[in-house]
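Take a look at the letters that make up each chain.
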Amino acid sequence: MFLPTYLIISTINASIIIILFMSIFFFQNQNNPNFSPNNLSLGVSFNQAFNTFNNNNSYFMSILKALAFASLIPLFLNVLTNPTNINIAFSNWFTEASFSISTQFLFDLKFNLFFSIALFVSWSILEFSFYYMSSDPTPNNFFRLLIIFLLNMIILTSTNNIFLLFIGWEGVGFLSFLLISWWTTRANANNSAIQAVIYNRIGDAGMLVFFSLSLTLFNSWNLSEITSINNSISFLHFLLLVGALIAATGKSAQFGLHPRLPAAMEGPTPVSALLHSSTMVVAGIFFLVRISPLYENIPTFNSWCLILGSLTAIFAATTAISQHDIKKIIAYSTTSQLGLMMVSIGLNQPNIALFHICTHAFLKAMLFLSSGSIIHSLNDEQDIRKMGGLHFILPNTSACIILGSLALSGIPFLAGFYSKDLILEISLSNLSNLLGITLSFLATLLTSVYSIRIVYFCFFKTPTFSPLSPTSEEDPNLSNSLNRLAFGTIIAGWFISSFILTNPHITISFVLKNLALFITILGLAFSASMLLSLSNTPLTSLYSPNTFTSNQWFFENLSHSFLLLLSFTSSLALSTRNLDRGWTENLGPQGIGHFSFSLAQKYQDSQSAYIKQYLVFSILSFMLIFLISLLYNSSK
Ligand SMILES: *[C@@H]1O[C@H](CO)[C@@H](O)[C@H](O)[C@H]1NC(C)=O
């Protein structure tokens, strides 16, 4: 090699980021009244060749394609040479006496793996958006937001500096707000966007705790410095980890802060596919993977992660089996898989969590895009009960839905199998936390139930769609993106596990090793037979509308209504009634008024105009003065 590898890696990565940054400016908004084709707008002149819609998108798509392939070079260089010096500082940002912040990047294997996957998935999703958003009045704004989101995500995953990480962290949250509320005419979309912001803010509180404590404990905001300091486990250190866990809970929609993820399905489907399944929601897990040396030797923290993750997984899986909206089902399955990633953090296997992030990105993006294709083709119908026989009109999408469902439930040699089964196998090799492990296994069982449920409702029932459905599978933007993701779903697991990540070697008995697969097949067989036997029963008798699971465990009723009511009544009773209208008023304005009024009243009463009374008062006063002077003289 002429050049040190780390230099090649960082140069290519930085170039990709810069090209992505410049491509933001390609998406000019032609409807902008201030815009004129001859004007320089943001430094880049508008060129018809760059106009995404006039030119059949080929220009921008080929840029993204080239970038996605280019990102493979640093990935393989990282794998082959395993460079040590991958911490690249571009410039000093600012320096305080003993503390300096520089724009540092950590282009290591973890980042490069995620980077390639993110670029490949975004490439497909953007291509899909050309199909999906083609009737939107301002599609260029939409693409621009998607690219800005991708840049923020890259900053978040590549940076070695917590300050920069925070910018990416907030950036993806804000972009998610903008993209969820893309269709601002829908009140639901506005509500969901605000919900996303509020839940993200709760997670950010944890992030700020992590920030400030890392400064207190390590006097550094440099991630690789923080994680290499071998410090004793103090209370503050634990608090720091709790902050990180809250931050990850908020970003990755773990139980407690999960309602924003299904609510985010109000946004356009490409947004659900890119932000709320494959990239943004895994940011919390990725953050925990990055700081994994901090909690390697803290079993308490690991148990917390394990319990939180398995609770999330079981909650989302039970909820998913009783939803009717196809996007909601896929959203809850995402939450469930995020829970499984958290379980793998809890098992102290951050690399496997990363592996699951990667395989999950392909299959979940594909599932979302397929559901988008179905929704478009059925005139915006999202209820799976009104689908059926879709393979007659949408053969390609149907194949992808089946492939995605099988991969999600962990059928061998598809993407989900490699990573998901690995997590479950490792949990079995170390039965330290039986509750967490049992819940994860149950969630796995339910995964195959809800996967088969989508397949059943989409294909096995008699067709109910209208004969004039606007199907458009011949659109290459749709079929190419789906097929590319399908290809990824088939090979990603095998490819990553055999060439990129080295998986830990686990020795467990044959029975235990195949337990996860057995449970998956059991779930498939059970739900398939049940659905087929129930297919003649009217639907209304099958699903009572008010069950525990179809109401998401009443979590939102409790948290959103009850907590609001609680805070409202307590503020009314404690603050308003007790303090404001109680103590303050009785001591302050009203109290003083009453006091002086009653004093004046007493004084008035004493002025009775009876001469006898005045005489008595005069004599009494005289005697009092006499007595006092007597006492005074005698004491001398
Ligand atoms: C949603 O919010 C946007 C901007 O905040 C506003 O223009 C729009 O009217 C809102 N839509 C509804 C239905 O309230």
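Residues numbered from 1 in each chain as written. Predicted model: local features only at pLDDT ≥ 70, side-chain atom pairs only at ≥ 80, totals over all residues. Heavy atoms only, no water.

### A short note on the pattern of salt bridges
Pairing is possible between side chains that carry opposite charge, provided their charged atoms lie close to one another.
And step 1. Under the criterion given, the structure shown has seven salt bridges.
And step 2. Across the salt bridge formed by Glu170 and Arg201, the nearest N and O atoms sit 2.9 Å from each other. In this pair, Glu170 sits in helix H6 (residues 162–180) while Arg201 sits in helix H7 (residues 187–218), placing the two residues 31 residues apart along the sequence.
And step 3. On the basis of relative accessibility, which here comes to 39%, the residue Arg201 falls in the partly exposed class.
And step 4. Between Arg385 and Asp383 there is a salt bridge, with its nearest N and O atoms 2.9 Å apart.
And step 5. Here Arg385 falls in the partly exposed class, since its relative accessible area comes to 30%. (Salt bridge = Lys/Arg side-chain N within 4 Å of Asp/Glu carboxyl O. Helix = DSSP H or I, 4+ residues; strand = E, 2+ residues; numbered from the N terminus. Buried < 20%, exposed > 50% of the residue type's maximum accessible area, 1.4 Å probe, protein only.)

### Remarks on the site of the ligand
And step 1. For the ligand, the full set of nearby residues is Thr184, Thr185, Arg186, Ala187 and Asn190.
And step 2. One of the backbone N or O atoms of Thr184 is found 2.6 Å from a nitrogen atom in the ligand.
And step 3. Contact distances for the ligand include 2.3 Å between an oxygen atom and a side-chain N or O atom of Asn190.
And step 4. When isolated, the ligand has an accessible area of 360 Å², and the protein chains bury 36% of it.
And step 5. Counted by class, the shell around the ligand contains one nonpolar, three polar and one charged residues. (Near = heavy atom within 4 Å. Polar contact = N/O pair within 3.5 Å; in protein donor to acceptor, adjacent residues only side chain to side chain. Areas by Shrake-Rupley, 256 points an atom, 1.4 Å probe, with all protein chains shown as cover. Nonpolar A, V, L, I, M, F, W, Y, C, P; charged D, E, K, R; others polar.)

### Examining helix H3 (residues 72–81)
And step 1. Here H3 has its buried residues at Pro74, Leu75, Leu77 and Asn78. Seen end-on, H3 carries its buried residues on one side only, within an arc spanning 165°. (Arc of directions from axis to C-beta.)

### Some words on the confidence of the model for the chain
Atom-level detail of predicted coordinates should not be read off regions where pLDDT is low.
And step 1. Taken residue by residue, the chain gives an average pLDDT of 86. The fraction at 70 or more is 92%.
And step 2. Across residues 33–46 the pLDDT falls below 50, and counting only partners more than four positions away or on other chains, this stretch makes 17 contacts in the model. (pLDDT = per-residue confidence, 0-100. Contact = heavy atoms within 4.5 Å.)

### Quick look at the side chain of Ser277
And step 1. Relative to the helices and strands, Ser277 resides in helix H11 (residues 269–278).
And step 2. In this view, Ser277 contacts Ser272, Val282, Thr334, His360, Lys364, Ala365 and Phe368; residues no more than four positions away in its chain are not counted.

### Things to note about the packing of helix H14 (residues 326–346) against helix H19 (residues 434–460)
And step 1. Orientation of H14 relative to H19, taken along the N-to-C sense of each, is 160°, at an axis distance of 11 Å. The angle between H14 and H19 falls in the class roughly antiparallel. The hand of the H14/H19 crossing is left-handed. Contacts between H14 and H19 pair Ile326, Ile329, Ile330, Ser333, Ser336, Gln337, Leu340 and Val343 from the former with Ser440, Thr447, Tyr450, Arg453, Ile454 and Cys458 from the latter.
And step 2. Its residues assigned to classes, the contact of H14 with H19 comprises eight nonpolar, five polar and one charged. (Axes fitted to C-alpha atoms, helices over the stretch in contact; angles between N-to-C directions. Parallel < 35°, antiparallel > 145°, perpendicular 65-115°, else oblique. Left-handed = near helix turned anticlockwise from the far one by under 90°.)

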